[in-house]
Structure formats: C-alpha cells, structure tokens
Amino acid sequence: MNRFFQTKHSMLYKQSPAINLIIVGFFHVVAAVIIQLFFSAYQKIHAEYHIFNISSQLIHEIRKLQGIIVVIAVVYFLTAILLHFLLPTKYKIKRKIERGLFYYPLGNPLRLKEGELLPRVNVKETEHGKYEVKIRVTAFSIDDLTNISSNISSSLNDKYFDKYAVIRSDADLAMNYVKFIVEDVTIERKLTVTNVEQLTTGVSTKLLVQKGTVIDLTTSGSILVAGKTRSGKTTGIISLLLQALSYGRDAFGSEIIIIDPKRAELSRLPHTVTLDQSGEGMEIIRALQRFEAAVVQRQKVLNDLSEQKGDAVKWWDAGMHVSFCFIDEYVAARSIFPTKASKEQPEYSLANFDALTKRIVTMGASAGCYMIISIAEASVESGGLPAMLRSAMTTKILFKPTMPEARLMWDSEKLKDFTERTYVAGDAWFSSTDGINDNVTSVSFPFMDFKVYRELGSLLEKYYSMDLNKS
C-alpha cells in the first residue's frame, strides 16, 4: 500500500471497496454488451451480404466467454452489496476521511507535498453512533491538523454519511496527534422520563444529563447555567435538583436551597427562599449564610475523618450527599441589594451577597456543596456575572446556544468545531471539568413527562422532613 502522498491518483483512490467493485462489475457488463452488439451486427451483415464467416466453434467460445463475463459482473455486484452492509461503519468512515484528506483533486487540506509520508488515520467506535478518529502528525504542523474539522465533516457528506459530523477535536499534549470525535448527530440521546426514578443514575455523585452524558460531581465544581426565557434553562436545572433530592438528606446537614428573587413559580414551593413582603432579600442572605455554615461544618467533619484515617477522606467516601444552592436569575438577585449596607442591617449589602457567593463557589466543592447560578444572558460584569465567578464555575451550560453568547462562557478555541443550528427548548452546549466532558459538547436535557413542580415540591417536603440522625 502506498504510504506516500501523490498528486496523481486514479479516481478510485481510497474509494469504498463496494464502489470499486461496482465500477469493475460495470466494465464487465459493458464488455458483455459489446460482445452482444458484435454478434448482432455480425448476424445482420452475414445474413444480408454472406460475408465474415465465423466458425460455430468460435461463436460458441465467444458466447461462453460472454456468459462468464456476465457471471463475474453479477458476482462483483453481489459482493459490493454484501460489503456495503457488512463492512463496519468505522472502516467506511476511515476510507472516506482518507480520501477527503489525501486525494489531491479534493483540495489537499493538509498541504502535503509530493512524496511526503501520509499520516495514519485510526478510527474506533467509542459508543453507538460515536467514533474517535486519531490522525498522527507527520510532515505538516499540529496547527494544520487541528483546523481540518470541517474538511473531515465534508468528506462524510454523502447520502449515507451526511448524518455524521465532527463535534469536537483535541490535540495530544505531546503534539503527536489530534483526536476528532465524529458523531451521528441524528441519534436521539434525549431522555423522556415519566418519573424521577428514571432520571437517576443510581450513583448520587453522578447527575444524568442525557443518554451517555453525566455530570460527575467528584471531579467538577459549581454550575453556571445561561439561557434566555423559554430556553428550557429552569426545567433543565430542576432535572438536576430532582436527582439530588431523590437520594435524600444525609446525616451531615446536606442542603438543597432554592432562591427565587423574582417571586415567580419556584417561590411558591415549600422550603424555597424569596423576597419578603416589603421586597427585601434578607432571607436570601440568611440562606447563603446557612449554606456557607454547612460547607464549614461538613469540611470540619472531613478534616477530622482524614486525621483519624491518616489520609484524605472525600465527601462521597464519608457518606455525604451532594448539597446545592440554586440562585435563579442571579442578575435579578444582585439588583436587590444596596451597594452600601445600613447601620441597622450591616450584612444586607451587595458586597456581602457577592462575598458569600464567591466563598461558596471557591470553597464548597471539597465538602460536596455546589452553587447553581442561573443567568439570562452570558454577559460579564456590567450588572451581569462577575468574571471571577465565571472562571471558578467549572461546569457550564448554555441553553438554546448562540455563538456570541458561547464565546462569553468558553474560550473560542473550544468552539471551533461548532456550527450554529436551530435549537429547541432543552438543547444546550455543555462542558464540565470531569476529564470526559472538558470539551464543549451538544446535549439535550431530559423531557420530564410528569408534573415537574409538584414533584419538586413533594421531594423538598420529604427531604426536609427527614430525621438527620436516621439518615
């Protein structure tokens, strides 16, 4: 096999074996047709002019040859059909990518020169409809390789493979190869559930997002969620809270606090926090103080256990359940507090609200305590989300995403493989520093086919009615 780049190749270079067989079979059919035309012409001329006598033996042999050619053509066609259906998809993807990158008339996206060593392309299926394509660096630069995502997607753009596209790419730290994730974007990964039990993973530290995607709380931090009205943002967050609530309260004072500064639907649920009758948010400050106190207490328990054991004890190893403090519409919450505290209420100020939030975000994860902050737009500062919080929150979700908003949440390099399309409520771009979802991916949060707010209220009642000594 030729492992070196050439500017001149046959049109069949790196074509699917099935296509090659069909073309060869076609030429056999053409040969059989030419023989048939020859005999038809011969019979007509011979009958009319009585010339060109050919022995019956020769005619018999040529007819026999024609029959063999037809049989061979049929064999080629049948083999092509079998290969089309039996060859693994990963092999077909490999051939198409190699043709798109190495067949000179298609553009030469890697800018290879005559005689240069071709890079190896390895493809493996990681899960149903998802493939890992690894291309090694040879004569070209790593930058050339990281910029070919669109070329790979284009090489798969035909009747049978246009459902596949590159969803992300990742360069090896040693700069030896680039890994592209190719996915069947038509596969429905969104979950439809009729009860909370169907939402849970069975492991309290893993929150289900969609089929094959979870948020691993043992390796990630607080959660930033952005999305405009009717983007599915609040419902998506509730799906995470329902999972946390379903595991119950632990014996270490776990909390699920919901703060609704707009006095909207969430504020009508039991054990939620909102403004008082005069429109002030002192209860919000107290709720944050309570949550911070839980962080301190739980961390003290973990420190004591670690000292007893002589090794670090993680919160999940100690039997703790996750704690969440969810602030719905964070920008609206900040607008409630005065920039300067009064003498009567020295704790009631924007500075104290921000300080409490920052301390929980930066210190809470080690004790299993996380903030979920919801914002309508992914703006930074100017009344929006402080840049420090944006950096500290390691799980980020943008519902019904647009590229301008996404660039405010993620580095542009992480978005280079994304193309904007039409999204519906519940669709989001998502990343989490869990070693699996570090790159931005497209997800669809579950469709919950039950009374969501009623179930949330019921689980909150059950959660806070639990006897902590029996947990």
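This one's a predicted model, so the numbers in the text were calculated from it and none came from an experiment.

## Considering the overall build of the chain
For the chain, the helix and strand inventory stands at twelve helices and 16 strands. In terms of overall dimensions, the chain is more spread out than a globule: its C-alpha atoms have a radius of gyration of 32 Å, far above the 23 Å expected for 471 residues. For the chain, the C-alpha atoms occupy an extent of roughly 125 × 45 × 45 Å along the three principal directions. Out of the 471 residues belonging to the chain, those deemed buried represent 47%.

## A short note on the sheet that holds strand β14 (residues 427-432)
In sheet architecture, strand pairing relies on hydrogen bonds along the backbone and comes in two forms, parallel and antiparallel. The sheet built from eight strands is open, its strands ordered β10-β9-β11-β12-β8-β13-β14-β15 with mixed pairing. Both outer strands of the open sheet, β10 (272-273) and β15 (441-444), are each paired with one neighbouring strand and no more. Each of β11 (323-327) and β12 (369-375) touches helix α9 (residues 350-363); the most contacted strand, β12, lies at about 125° to it. The strands touched by helix α12 (residues 452-465) are β9 (256-259) and β10; relative to β9, the strand with the most contacts, the crossing angle is about 135°.

## Notes on helix α3 (residues 89-102)
Look at α3: 20 Å from first C-alpha to last across 14 residues, which is about the 20 Å you get at 1.5 Å a residue. In the core, the buried residues of α3 are packed alongside α1 (17-49), α2 (56-86), β1 (121-127), β2 (130-136), α5 (149-155) and β3 (164-171).

## Brief notes about α12
Under the 1.5 Å per step criterion, the end-to-end length of α12 is 20 Å for 14 residues, consistent within 8% with the ideal 20 Å. If you check which residues of α12 are buried, you get Val-452, Leu-456, Gly-457, Leu-459, Leu-460, Tyr-463 and Tyr-464. Viewed along the axis of α12, the buried residues span an arc of 165°, placing them on a single side of the element. When the buried face of α12 is taken as reference, the exposed residues oriented beyond 90 degrees from it are Arg-454, Lys-462 and Ser-465. Among the structural elements, α6 (233-246), β9, β10, α7 (282-309) and β16 (447-448) are those in contact with the buried residues of α12.

## Some remarks on the nonpolar core
For soluble globular proteins, the rule of thumb is that nonpolar side chains tend to be buried together. Residues Leu-288, Phe-324 and Phe-353 are the most contacted members of the largest nonpolar core, which totals 91 residues. Element by element, the count of residues in this core is highest for α7, at nine residues. Residues Val-123, Leu-145, Ile-148 and Val-178 belong to the second largest nonpolar core, which totals 27 residues.

## Concerning the packing of α6 against α12
Put simply, α6 and α12 touch, their axes get as near as 10 Å, and they point 35° apart. Once α6 is placed against α12, the crossing between them reads as left-handed. Between α6, through Thr-234, Ile-238, Leu-242 and Leu-245, and α12, the contact on the second element is made entirely by Val-452, Tyr-453, Glu-455, Leu-456, Leu-459, Leu-460 and Tyr-463.

## What to know about a nonpolar patch on the surface
The grouping of Val-70, Val-74, Leu-78, Ile-81, Leu-82, Phe-85 and Leu-86 at the surface amounts to a nonpolar patch, some 720 Å² of accessible area in total. Within the secondary structure, Leu-86 sits in helix α2. With a relative accessible area of 63%, Leu-86 lands in the exposed category.

## As for the packing of α1 against α2
Put simply, α1 and α2 touch, their axes get as near as 8 Å, and they point 155° apart. In terms of orientation, α1 lies roughly antiparallel with respect to α2. Here α1 runs over α2; the crossing is left-handed. For the contact of α1 with α2, the class distribution of residues is 22 nonpolar, seven polar and one charged.

## Here's the deal with the sheet that holds strand β4 (residues 177-184)
Read across the sheet, four strands follow the order β1-β2-β4-β3 without closing on themselves; strand pairing throughout is antiparallel. Each edge of the sheet is formed by a strand with only one pairing partner; in this case those strands are β1 and β3. Across this sheet, the average inter-strand angle for adjacent strands is 25°, counted without regard to direction. Across six bridges, β1 lies against β2 in antiparallel orientation. Residue pairing for β2: Val-121 is matched across the bridge by Ile-135.

## A few points about the environment of Thr-339
Structurally, Thr-339 is set in the loop between α8 (330-336) and α9. Between the C-alpha atom of Thr-339 and that of Ser-349, which follows or precedes it by ten residues, the distance is 5.7 Å.

## A few points about the layout of surface pockets
Empty space within the largest pocket amounts to approximately 700 Å³. In terms of lining, the largest pocket is formed by 30 residues, of which the most central are Ile-167, Glu-183, Val-185, Arg-421 and Ser-442. If you list the elements that add at least two residues to the lining of the largest pocket, you get α5, β3, β14 and β15. Class assignment of the residues belonging to the lining of the largest pocket gives a composition of eleven nonpolar, ten polar and nine charged.

## Some remarks on the side chain of Ser-220
If you trace the backbone, Ser-220 turns up in the loop between β7 (213-216) and β8 (223-226). One polar contact links the side chain of Ser-220 to the main-chain carbonyl oxygen of Asp-216, over a distance of 2.7 Å. Not counting residues up to four positions away in its chain, the partners in contact with Ser-220 are Ile-215, Ala-365, Tyr-370, Thr-394, Thr-395, Ser-432 and Thr-433.

## Some points on the environment of Ala-293
Considering the arrangement of structural elements, one finds Ala-293 in helix α7. Spatially, the C-alpha atom of Ala-293 lies 26 Å from that of Gln-277, the residues being 16 residues apart in sequence.

## With respect to the pairing of β11
With five of five residues buried, β11 lies mostly within the body of the structure. Of the two faces of β11, both are covered, the one formed by Ser-323, Cys-325 and Ile-327 as well as the one formed by Phe-324 and Phe-326. Summarising the sheet, β9 and β11 pair through four bridges and their orientation is parallel. What sits directly across from Ile-257, in β11, is Cys-325. When β11 meets β12, the two strands line up parallel, connected through five bridges.

## A look at the pattern of salt bridges
Side chains that differ in charge, positive against negative, can pair when their charged atoms come close. All told, the structure shown has 19 salt bridges when counted by the stated rule. Between Lys-14 and Glu-98 there is a salt bridge, with its nearest N and O atoms 3.2 Å apart. With Lys-14 in the segment before α1 and Glu-98 in helix α3, this pair connects stretches of sequence that are 84 residues apart. Overall, the relative accessible area of 13% leaves Lys-14 in the buried class. The buried category is assigned to Glu-98, whose relative accessible area is 6%. When salt bridges with common partners are traced through the structure, they connect Glu-127, Lys-130, Glu-183 and Arg-189 into a single cluster.

What counts as what
- Residues numbered from 1 in each chain as written.
- Predicted model: local features only at pLDDT ≥ 70, side-chain atom pairs only at ≥ 80, totals over all residues.
- Heavy atoms only, no water.
- Helix = DSSP H or I, 4+ residues; strand = E, 2+ residues; numbered from the N terminus.
- Rg over C-alpha atoms; globule rule 2.2 N^0.38 Å.
- Buried < 20%, exposed > 50% of the residue type's maximum accessible area, 1.4 Å probe, protein only.
- Pairing = 2+ DSSP bridges.
- Contact = heavy atoms within 4.5 Å.
- Axes fitted to C-alpha atoms, helices over the stretch in contact; angles between N-to-C directions.
- Expected span 1.5 Å × (residues − 1).
- Arc of directions from axis to C-beta.
- Core = buried A, V, L, I, M, F, W, Y, C linked by side-chain atoms within 4.5 Å.
- Left-handed = near helix turned anticlockwise from the far one by under 90°.
- Patch = residues over 30% accessible without salt bridge, like charges linked within 9 Å, V, L, I, M, F, W, Y side chains within 5 Å.
- Areas by Shrake-Rupley, 256 points an atom, 1.4 Å probe, with all protein chains shown as cover.
- Salt bridge = Lys/Arg side-chain N within 4 Å of Asp/Glu carboxyl O.
- Parallel < 35°, antiparallel > 145°, perpendicular 65-115°, else oblique.
- Nonpolar A, V, L, I, M, F, W, Y, C, P; charged D, E, K, R; others polar.
- 1 Å grid on protein atoms, 1.4 Å probe; cavity = no way out; pocket = protein on both sides within 12 Å on 5 of 7 lines; lining within 4 Å.
- Points joined across faces, edges and corners; volume = space filled by probe spheres on them.
- Polar contact = N/O pair within 3.5 Å; in protein donor to acceptor, adjacent residues only side chain to side chain.

All quantities given are derived from atomic positions and should not be read as evidence of function.
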